[in-house]
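The lines below spell out each chain.
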Amino acid sequence: MLQRSNALRCLTRASYGRSSKPFLTHLHNPWFRRSYSPGPSDGQPYEIAVLGGGITGLSTAYWLTKKAPKANITVYEASKRVGGWVQSLEMDVDGDTVVFETGPRTLRTGSVNAMVTQAMLEDLDLADDIIFTSKDAASSRNRYIYYPDHLVRIPFPVDGLLDTLSTVLLEPAFEGILWQVLKEPWKWTRPSHLLDESVGEFLTRRIGKTATNNLVSAVFHGIYAGDIWQLSAKSIMRSAWELEGSFGSFGRGLSECLEHGALVDARDAELKSVLEPFLDGSQFMDDFKSSSVFAFKGGLSRLTEALETYLEDCPNVTLMTNCHVDDLTCEGALDLHNSGVLTDGKVRFNVTDMTDERRLRAPQVVDKDLVISTLPSRVLASMFAWKTESGISPYRGRPIPSIEMGDWATVMVVNFYFRESNIVPVKGFGYLIPQSVPFENNPERALGVIFDSDAVTGQDTGSGTKLTVMMGGHYWAGWDKYPSPEHATQMAMDLLKRHIGDIPEPAKTMATLQENCIPQYRVGWDTATKSAHEQLLHYFGGRLRVAGPSWHGVGLHDCTRAAYDVTEGADGWHRGKSEPRTGLEMFKEDPVFLHSKTMQQPKKTRFY
Ligand SMILES: C=Cc1c2[nH]c(c1C)Cc1[nH]c(c(CCC(=O)O)c1C)Cc1[nH]c(c(C)c1CCC(=O)O)Cc1[nH]c(c(C)c1C=C)C2
């Protein structure tokens, strides 16, 4: 096991200055072999810029060191620190250390995207810093919703039939759900002209209003802080959308899947087959298999700090913080579009060093062979400039309108630490609050409460209770002023007292406004992404690629996966030989789904 794990480490380490071993030619896997091939054939240094130093930007630079080891890589980050929304703060409470997370905190195991993160963790030697939460732990089995005025435990698959039935039949939250689920296979299927609809509409058609309003809206608060009546079913619930599309109903689809295997995205299946052989020997594979989520001893920042240290150690990587990037242009790419010839054009932009705000330096003009933007789409859109005969055009954002993509949810995160242990009468992950809860039970417009000290054990030295209240999201859309940290803390305390009961005075609190932190993939989002792909290709000819939550999913694993994907073929030797990329090519066509057992596409059994 140890030998395999060391092999993996050598495998994934860049040959560029980091690894004590030369690149390994005995590797069976074509991907890893490719990553260690020599650099650009013309011998020119290949200059790559990564815009943004959040988790996607750092991971992109990380994967570039593996896949384009001879390139010079510069990461430009506008703020003083890298890490983006990932920020863990160690607080001192009466001599104890308590970790407050202001963004994501636990990561799910089990997906293909999680395997990408797992490969990075292994390579970064983070095994000792990981805290696994077993699938049997209370926080894995107990998830609650608050409806309409009390906590309701969501039935767990291994609960007894009697327990599940009594909850489903007696709780107002589940009223009528059983009947709706039973008749789902006979409900009308969507007509072929319906190209997308909201999650709310889609699921109301299939499983009825109660489940949609009381359960699904709560889950979507926990992921998107969003409104199910606006989020896109086709983009967010891809396999459910496909189940209905192929089989006419979930019920009929599931019975087909029992026989032929669950539906898996063909791209995921391919990546899984690449990563699995290596991760099987990973030192913490067993822990990954037996746990539902994992976290880090010092918080999730441990991961971004490790990435930062790794990148700082790579001689071909430069991390630049406090840097403002603007006026992105590319001329050569237009020739590509018009004549079909890939020219040697570069992407040009201005970089302003903002370190000393009183003495702003003149912007520096930078030319790069490839730029990978991991910035939010709206930020990228504001950076475009266009060249005219008289110089740079003033109309920023206009040349590529579809890049703006839509709106983002703002979340107020309020962390609490109480000296007393077990102040919540139940144990579990926490609770989510559905959209259907009456205003008087949730005037603060909270989205959910996390029982951090149950969800992750062993992170703090104290034995008190740690909770996080999240408020806002779609409820606060369009607000131009938000509650102050003091006001937000008071609102969160009021909410906890109303929902949980007797709550002591907290020993430590912290309120952080995460403005525009979660993109909202609204109905029609897939069409917008397709046109963003086409426009990026048209104006930048493959020299500007994009990755990150604006396009590739809002979870941390989605970000590491996007980083992995966007760095494919980034080593510069495909110049003029392969298809130029944008990072959005996977959205050109609808995804292909395969049955996991047969690896065949489902036979469409529906009829209109
Ligand atoms: C700033 C807060 C965030 C909210 N959602 C996300 C963030 C970063 C993104 C997100 N949250 C979850 C997922 C799905 C699964 C995953 O990739 O981990 C995503 C993409 C689920 C989730 N939601 C909360 C937690 C602690 C988790 C992860 C662990 C788990 O599923 O067991 C809590 C939570 N997140 C948000 C709210 C409003 C909320 C409420 C309690 C918004």
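Residues numbered from 1 in each chain as written. Predicted model: local features only at pLDDT ≥ 70, side-chain atom pairs only at ≥ 80, totals over all residues.

- As named in an unreviewed UniProt entry, the protein chain is Protoporphyrinogen oxidase, taken from Pseudovirgaria hyperparasitica.
- Looking at the Sequence similarities (unreviewed entry) heading of the UniProt record, one finds this comment for the protein chain: "Belongs to the protoporphyrinogen/coproporphyrinogen oxidase family. Protoporphyrinogen oxidase subfamily."
- The protein chain has a UniProt comment under Subcellular location (unreviewed entry) that states "Mitochondrion inner membrane". (UniProt positions renumbered as here; feature names shortened; annotations may be inferred.)

## Here we look at the overall build of the protein chain
Here is step 1 of the chain: Helix and strand content of the protein chain: 22 helices and 24 strands.
Here is step 2 of the chain: By residue count, 45% of the 608 residues in the protein chain fall in the buried class.
Here is step 3 of the chain: In the protein chain, 75% of the contacts between residues at least 6 apart in sequence involve partners at least 24 apart. (Helix = DSSP H or I, 4+ residues; strand = E, 2+ residues; numbered from the N terminus. Buried ≥ 20, exposed ≤ 12 C-beta atoms within 10 Å, placed from the backbone. Contact = placed C-beta atoms within 7 Å.)

## Here we look at the site of the ligand
Here is step 1 of the chain: In the vicinity of the ligand there are 27 residues, among which Gly-222, Leu-447, Gly-448, Met-470 and Gly-555 approach most closely.
Here is step 2 of the chain: For the shell around the ligand, the secondary structure elements donating two or more residues are strand S5 (107–108), helix H9 (209–224), strand S18 (408–418), strand S19 (430–432), strand S20 (446–450) and strand S22 (508–519).
Here is step 3 of the chain: In terms of residue count, the dominant contributor to the shell around the ligand is S20 (4 residues).
Here is step 4 of the chain: Across the shell around the ligand, the residue classes break down as 16 nonpolar, 9 polar and 2 charged. (Near = placed C-beta within 6 Å. Nonpolar A, V, L, I, M, F, W, Y, C, P; charged D, E, K, R; others polar.)

## Some thoughts on the domain arrangement of the protein chain
Here is step 1 of the chain: On domain assignment, one finds that the protein chain holds domain 1 (88–107 + 128–141 + 407–519), domain 2 (165–270) and domain 3 (317–404 + 522–587).
Here is step 2 of the chain: At the junction of the two partners, domain 2 supplies 11 residues and domain 3 supplies 7 residues.
Here is step 3 of the chain: Only H9 and helix H10 (233–236) provide two or more residues apiece to the side of domain 2 that touches domain 3.
Here is step 4 of the chain: Of the residues belonging to the side of domain 2 that touches domain 3, the class tally is 3 nonpolar, 4 polar and 4 charged. (Domains from an automatic or database assignment.)

## Considerations on unusual backbone geometry
Backbone geometry follows two general trends: most residues other than glycine have a negative phi, and most peptide bonds adopt the trans configuration.
Here is step 1 of the chain: Residues Tyr-147 and Pro-148 are joined by a peptide bond in cis, for which omega reads -25°.
Here is step 2 of the chain: Residue position: Pro-148 is located in the loop between strand S7 (143–146) and strand S8 (151–153).
Here is step 3 of the chain: Although it is not a glycine, Asp-94 adopts a positive phi angle of roughly 50°.
Here is step 4 of the chain: Mapped onto the secondary structure, Asp-94 falls in the loop between strand S3 (88–93) and strand S4 (96–101).

## As for the environment of Thr-468
Here is step 1 of the chain: Assignment of secondary structure puts Thr-468 in strand S21 (residues 465–472).
Here is step 2 of the chain: Along the primary structure Thr-468 and Met-510 are separated by 42 residues, whereas in three dimensions their C-alpha atoms are 9.5 Å apart.

## Quick notes on the nonpolar core
Here is step 1 of the chain: Counting residues in each nonpolar core, the largest one holds 141 residues, and the members touching the most others are Ile-48, Ala-61, Ile-145, Val-199, Leu-311, Val-469 and Met-471.
Here is step 2 of the chain: Looking at this core, the element that brings in the most residues is S18, giving 9 residues.
Here is step 3 of the chain: Setting aside residues up to four positions removed in sequence, Met-471 forms contacts with Met-412, Glu-444, Arg-445, Ala-446, Leu-447, Ala-488, Met-491 and Ala-492. (Core = buried A, V, L, I, M, F, W, Y, C linked by C-beta atoms within 7 Å.)

## Here's the deal with helix H20 (residues 525–540)
Here is step 1 of the chain: The end-to-end C-alpha separation of H20 is 22 Å, in line with the 22 Å expected for 16 residues at 1.5 Å each.
Here is step 2 of the chain: Those residues of H20 that fall on the buried side of the exposure criterion are Trp-525, Ala-528, Thr-529, Ala-532, His-533, Leu-536, Leu-537, Tyr-539 and Phe-540.
Here is step 3 of the chain: Positive backbone phi, at 55°, marks Gly-541, one or two positions downstream of H20. (Expected span 1.5 Å × (residues − 1).)

## Quick notes on the sheet that holds strand S23 (residues 544–546)
Here is step 1 of the chain: In spatial order, the strands read S11-S2-S1-S15-S23; together these 5 strands make up an open sheet with parallel pairing. Whereas interior strands pair on both sides, the edge strands pair on one side only; in this sheet they are strand S11 (317–320) and S23. Across the sheet, the axes of successive neighbouring strands diverge by a mean angle of 20°, strand direction being ignored.
Here is step 2 of the chain: As defined by bridge partners, strand S15 (residues 370–373) adjoins S23 across 3 bridges and the pair is classed as parallel. Looking across to S23, one finds that Ile-372 is bridged to Arg-545. (Pairing = 2+ DSSP bridges. Axes fitted to C-alpha atoms, helices over the stretch in contact; angles between N-to-C directions.)

## Quick word on helix H19 (residues 485–500)
Here is step 1 of the chain: Here H19 is 16 residues long and its end C-alpha atoms lie 22 Å apart, about the 22 Å a rise of 1.5 Å per residue gives.
Here is step 2 of the chain: For H19, the complete set of buried residues consists of Ala-488, Thr-489, Met-491, Ala-492, Leu-495, Leu-496 and His-499. Projected onto a plane normal to the axis of H19, the buried residues spread over an arc of 160° and lie on a single side. The exposed set on the far side of H19, more than 90 degrees from its buried face, consists of Glu-486, His-487 and Lys-497. (Arc of directions from axis to C-beta.)

## Describing the packing of helix H3 (residues 55–67) against helix H22 (residues 556–566)
Here is step 1 of the chain: Interaxial distance between H3 and H22 falls to 8 Å at its minimum, and their mutual angle equals 35°. The chirality of how H3 crosses H22 is right-handed. Residues Ile-55, Thr-56, Ser-59, Thr-60 and Trp-63 of H3 form the contact with H22, whose own contacting residues are Leu-556, Cys-559, Thr-560, Ala-562, Ala-563, Tyr-564 and Val-566.
Here is step 2 of the chain: For the contact of H3 with H22, the residue count by class is 8 nonpolar, 4 polar and no charged. (Left-handed = near helix turned anticlockwise from the far one by under 90°.)

## As for the environment of Gly-160
Here is step 1 of the chain: Looking at the secondary structure, you find Gly-160 in the loop between S8 and helix H6 (161–170).
Here is step 2 of the chain: Judged by C-beta crowding, with 9 C-beta atoms within 10 Å, Gly-160 ranks as exposed.
Here is step 3 of the chain: C-alpha separation for the pair Gly-160 and Pro-580, spaced 420 residues apart in sequence, amounts to 54 Å.

## Remarks on the confidence of the model for the protein chain
Here is step 1 of the chain: Averaged over all residues, the pLDDT of the protein chain is 87; the fraction at 70 or higher stands at 85%.
Here is step 2 of the chain: This stretch, residues 333–342, has a pLDDT under 50; its non-local contacts, to residues over four places away or in other chains, come to 18 contacts.
Here is step 3 of the chain: The low-confidence segment residues 394–398 (pLDDT under 50) makes 9 contacts with residues lying over four places distant or belonging to another chain.
Here is step 4 of the chain: Interface confidence for the predicted complex, given as ipTM, is 0.95, next to a pTM of 0.91. (pLDDT = per-residue confidence, 0-100.)

## Notes on the sheet that holds S18
Here is step 1 of the chain: Spatially, 7 strands are ordered S8-S7-S19-S20-S21-S18-S22 in an open sheet, and the strand pairing comes out mixed. In the strand order of this sheet, the two ends are held by S8 and S22, each with one partner. Mean inter-strand twist for the sheet, computed between neighbouring axes without regard to direction, equals 25°.
Here is step 2 of the chain: Pairing between S7 and S8: 3 bridges, direction antiparallel. Looking at the pairing, Ile-145 lines up with Val-152 of S8.
Here is step 3 of the chain: Along the sheet face, H19 touches S7, S18, S20, S21 and S22 and points at about 110° away from the line of S21.

## Things to note about the packing of helix H4 (residues 112–123) against helix H13 (residues 266–279)
What describes two packed helices is the angle between their axes and the distance between those same axes.
Here is step 1 of the chain: Taken N-terminus to C-terminus, the directions of H4 and H13 make an angle of 35°; their axes are 9 Å apart at the nearest point. H4 and H13 meet at a crossing whose hand is left-handed. Across the interface between the two elements, Val-112, Met-115, Gln-118 and Ala-119 from H4 touch Asp-268, Leu-271, Lys-272, Leu-275, Phe-278 and Leu-279 from H13.

## Things to note about the environment of Gly-53
Here is step 1 of the chain: On the secondary structure map, Gly-53 appears in the loop between strand S1 (47–51) and H3.
Here is step 2 of the chain: Here Gly-53 falls in the buried class, since 28 other C-beta atoms lie within 10 Å of it.
Here is step 3 of the chain: Along the chain, Gly-53 and Ser-79 lie 26 residues apart, while their C-alpha atoms are 8.6 Å from each other.
Here is step 4 of the chain: Residues within four places of Gly-53 in sequence aside, it is in contact with Leu-58, Val-75, Glu-77, Val-82, Gly-84, Leu-319 and Thr-321.

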